[in-house]
Structures are given as C-alpha cells and as structure tokens.
Amino acid sequence: MTATSSADTASLPLAPPHPPRAEPAHEHAWTTQSRHRTADGTLLYVQCLPCGAQRVDLQAPGDAAPRALSRALDAPRTSGR
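Reference entry: report on the structure contained in this document. All of these numbers come straight from a predicted model, not from anything done at the bench. (Residues numbered from 1 in each chain as written. Predicted model: local features only at pLDDT ≥ 70, side-chain atom pairs only at ≥ 80, totals over all residues. Heavy atoms only, no water.)

What follows covers the overall build of the protein. Counting its regular elements, the protein contains one helix and four strands. Written out in order from the N terminus, the α and β elements of the protein read α-β-β-β-β. Sorting the 81 residues of the protein into buried and exposed places 14% on the buried side. Long-range pairs, those at least 24 residues apart, make up 9% of the contacts in the protein with a sequence separation of at least 6. (Helix = DSSP H or I, 4+ residues; strand = E, 2+ residues; numbered from the N terminus. Buried < 20%, exposed > 50% of the residue type's maximum accessible area, 1.4 Å probe, protein only. Contact = heavy atoms within 4.5 Å.)

What follows covers the pairing of strand β3 (residues 54-59). Looking at chain direction, strand β2 (residues 41-48) and β3 are connected through six bridges and run antiparallel. Its bridge partner being in β3, Thr-42 is matched across the sheet by Gln-59. Taken together, β2 and the strand that follows it, β3, pair antiparallel across an intervening segment of five residues, in which Gly-52 is found at a positive phi of about 85 degrees. Bridge count for β3 against strand β4 (residues 67-68) is two bridges, and the pairing is antiparallel. (Pairing = 2+ DSSP bridges.)

With that settled, the discussion passes to the pattern of salt bridges. A full pass over the atoms with the stated rule returns one salt bridge. The shortest N-O distance in the salt bridge between Asp-57 and Arg-55 comes to 2.8 Å. (Salt bridge = Lys/Arg side-chain N within 4 Å of Asp/Glu carboxyl O.)

If you trace the backbone, Thr-42 turns up in strand β2. With relative accessibility at 18%, the residue Thr-42 sits in the buried group. Setting aside its immediate chain neighbours within four residues, Thr-42 contacts Arg-35, His-36, Arg-37, Asp-57, Leu-58 and Gln-59.

What follows covers the side chain of Asp-57. As for its position among the elements, Asp-57 is in strand β3. Within the local environment of Asp-57, its side chain forms a polar contact with the side chain of Arg-55, the two groups lying 2.8 Å apart. With residues up to four places along the chain from it excluded, the contact list for Asp-57 reads Thr-42, Leu-43, Leu-44, Val-46, Pro-66, Arg-67, Ala-68 and Leu-69. (Polar contact = N/O pair within 3.5 Å; in protein donor to acceptor, adjacent residues only side chain to side chain.)

Glancing now at the pairing of strand β1 (residues 30-38). Both β1 and β2 contribute to a ladder of eight bridges, which runs antiparallel. Along β2, the bridge assignment pairs Arg-35 with Leu-44. Counting the residues that bridge the hairpin from β1 to β2 gives two residues.

Taken in spatial order, the four strands make up an open sheet running β1-β2-β3-β4, and their pairing is antiparallel. Of all strands in the sheet, those bounded by a partner on one side alone are β1 and β4.

As structure tokens, this is what we get:
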C-alpha cells in the first residue's frame, strides 16, 4: 500500500465563494397615468403602483401591445423635511 502525498491534493484550486445575491426585482404592475396621440401612435405615461417607477410607452398603429420607449425610472425620493 502506498501513501499519497499531501502535495497531490494541496495544489487543487478551490472555486471562489459566490457573492451574495441581491433581492430579485419585482415584476412591475404598470398603470396608465396619461396618454397622448402623436403622429407615431399613442404615447402612454405609465407608473408602477407598488414601487412608483415611471416609464413612457408607445402604442403604434397596428401593434398588439405598447412597447417601452424609456427604461423604468425609480420614483422620486422625498426628503423628510
């Protein structure tokens, strides 16, 4: 019986630990705050009720659903003053 050297296993690299995961983002519940007709279609100003984020969508003629023209912007923060 042969003894294995500890040097055989000591050189194996270990995988780095995984960083902590951030809380998953929620699926926004968009509601229309206002709408305006334009030459390109109807602009929809929408807001997520749970978090207050806002976005602008475009409902073009013939489109089945509106598409986002902007990315979701966080709700404005209010100061405690």
